[in-house]
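Coordinate analysis (summary)
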Amino acid sequence: MKNDLVRFGVSLEGDLLRKFDAFIGAEGYDNRSQAIAGLIRKEFVSDAFAHGGPVAGAVTIVYDHHRREVVRKLLDIQHDHGGIIISAQHVHLDHDNCLEIIAVKGPGAKVKVLAAALKAVKGVKHSTLSVTTAGKQGGK
Ligand code: NI
C-alpha cells in the first residue's frame, strides 16, 4: 500500500489546465500524473532546503587560479565542511580559470552555509548551488 499508485481526482479551472498542459509538454513530461508527481517532489525538496532538512546537491564555482590565496581559502573551507562534502571535481577550464564541482549531502542549513562561504571568497567569479532530493521518499 505504501508505494502503490493511488488515483485521485483533481479539479482545475480550464485556463489553468491548458497552461499546465502546455507547460508539461514543454518540460517533456509524458502525462499529467508524472508532471504532478514531479512538481510535488520539487516542492518537497524546496521545503526541506528551506527548513534545513536533508538535501543533496552540487556547488559549482569558477575562479582565477592565478590568485593563490583563493585556492588556499577554497580548500580550507572545504576541509571545514568535510562532513557534508561527498566529492569534489576540479577542471582546468582554460589558462586562467578553474571550475570546481563540489557534491554535497546533508542538512539544508549546512549546505547553505558552505555554498555561501565558497561564494564569498574573493577571486571566485561565479558560484551556483543546485539542490535536489537526498533520495528519501518524496524528497523528505
Ligand atoms: Ni585548475
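Below is a short write-up of the structure. Every chain begins its residue count from 1, and numbering advances along the sequence as written. Local features in this predicted model are restricted to residues of pLDDT 70 or higher, and side-chain atom pairs are both shown and tallied only at a pLDDT of 80 or more, whereas totals for entire chains, interfaces and linings draw on every residue. Side-chain numbers here rest on the full set of heavy atoms in the structure, without hydrogens or water.

1. Re the overall build of the chain
Convention followed: For the purposes of this entry, the term helix denotes a DSSP run of H or I that reaches at least four residues, the term strand denotes a run of E that reaches at least two, and both are numbered from the N terminus. In this description the radius of gyration comes from C-alpha coordinates, and the expected globular size is given by 2.2 Å times residues to the power 0.38. Only protein chains enter the accessibility calculation, which uses a 1.4 Å probe. A residue is then buried if its area is under 20% of the maximum for its type, exposed if over 50%, and partly exposed in between. Residues count as neighbours in contact if any of their non-hydrogen atoms are within 4.5 Å of one another. Areas reported here follow the Shrake-Rupley algorithm with a probe of radius 1.4 Å; residue values treat only the protein chains shown as occluding. In this count, Lys and Arg are taken as positive residues and Asp and Glu as negative ones, while His and the chain termini are left out. A charge is said to be at NZ when it belongs to Lys, at CZ for Arg, at CG for Asp and at CD for Glu.
A count of helices and strands for the chain gives 4 helices and 4 strands. Secondary structure of the chain in N-to-C order comes out as α-α-β-α-β-β-α-β. Here the C-alpha radius of gyration of the chain, 19 Å, is well above what a compact globule of 140 residues would show, namely 14 Å. Along the first, second and third principal axes, the C-alpha set of the chain runs to 60 × 30 × 20 Å. Considering the chain as a whole, with its 140 residues, one finds that 29% of them fall into the buried category. Counting contacts in the chain only where the partners sit at least 6 residues apart, residues at least 24 apart contribute 67% of the total. When the accessible surface of the chain is totalled, it reaches about 9500 Å², and 56% of it is carbon and sulfur. Taking the average location of the 19 positive side-chain charges in the chain and that of its 15 negative ones, the two points are 5 Å from each other.

2. Remarks on the coordination of the nickel ion
Where we set the bar: Here a donor is an N, O or S atom found within 2.8 Å of the metal, or within 3.2 Å if the metal is Na, K or Ca; sites may look incomplete because water is not among the atoms.
Those donors, His90 (NE2), His92 (ND1) and Cys98 (SG), are the protein atoms that reach the nickel ion, and they lie 2.0 to 2.3 Å from it. Of note, the donors binding the nickel ion are all from one chain and are spaced H-x1-H-x5-C. Looking at His90, the relative accessible area reads 35%, which means it is partly exposed.

3. Details of the sheet that holds strand S2 (residues 85–92)
As a reminder, the rule being used: DSSP-based pairing: two strands are paired if at least 2 bridges between them are found. Note on method: axes are straight lines fitted to C-alpha atoms, helices fitted across the in-contact stretch only, with angles between N-to-C directions ranging 0 to 180 degrees.
Within the open sheet, the 4 strands sit side by side as S2-S3-S1-S4. Their pairing is antiparallel. Strands with a single pairing partner mark the edges of an open sheet, and in this sheet they are S2 and strand S4 (124–133). Here the strands of the sheet are splayed against their neighbours by 15° on average, with no regard to which way each runs. Where S2 lies against strand S3 (residues 97–107), 7 bridges are found, and the strand directions are antiparallel. Bridge pairing in S3 links Gln89 to Ile101. The strands touched by helix H2 (residues 32–50) are strand S1 (54–64) and S4; relative to S4, the strand with the most contacts, the crossing angle is about 115°.

4. Digging into the environment of Leu17
One can find Leu17 in helix H1 (residues 14–27). According to the relative accessible area criterion, Leu17 is partly exposed, its value standing at 25%. Each C-alpha atom, one on Leu17 and one on His81, is 44 Å from the other, the two residues being 64 residues apart in sequence. When near neighbours in sequence (up to four residues on either side) are disregarded, Leu17 contacts Leu12 and Arg32.

5. Observations regarding the packing of aromatic side chains
Rule in force here: Aromatic pairs are defined between Phe, Tyr and Trp rings, using the six-membered ring for Trp, whenever the two ring centres lie within 6.5 Å; interplanar angles under 30 degrees are classed as stacked, those over 60 as edge-to-face, and all others as tilted. A ring is considered to have a charge above it if a Lys NZ or an Arg CZ atom is located within 6 Å of its centre and within 35 degrees of its normal.
For the structure on display, the rule yields 0 aromatic pairs. In this arrangement the basic side chain of Lys112 is found over the ring face of Phe49, its NZ or CZ atom lying 4.8 Å from the centre.

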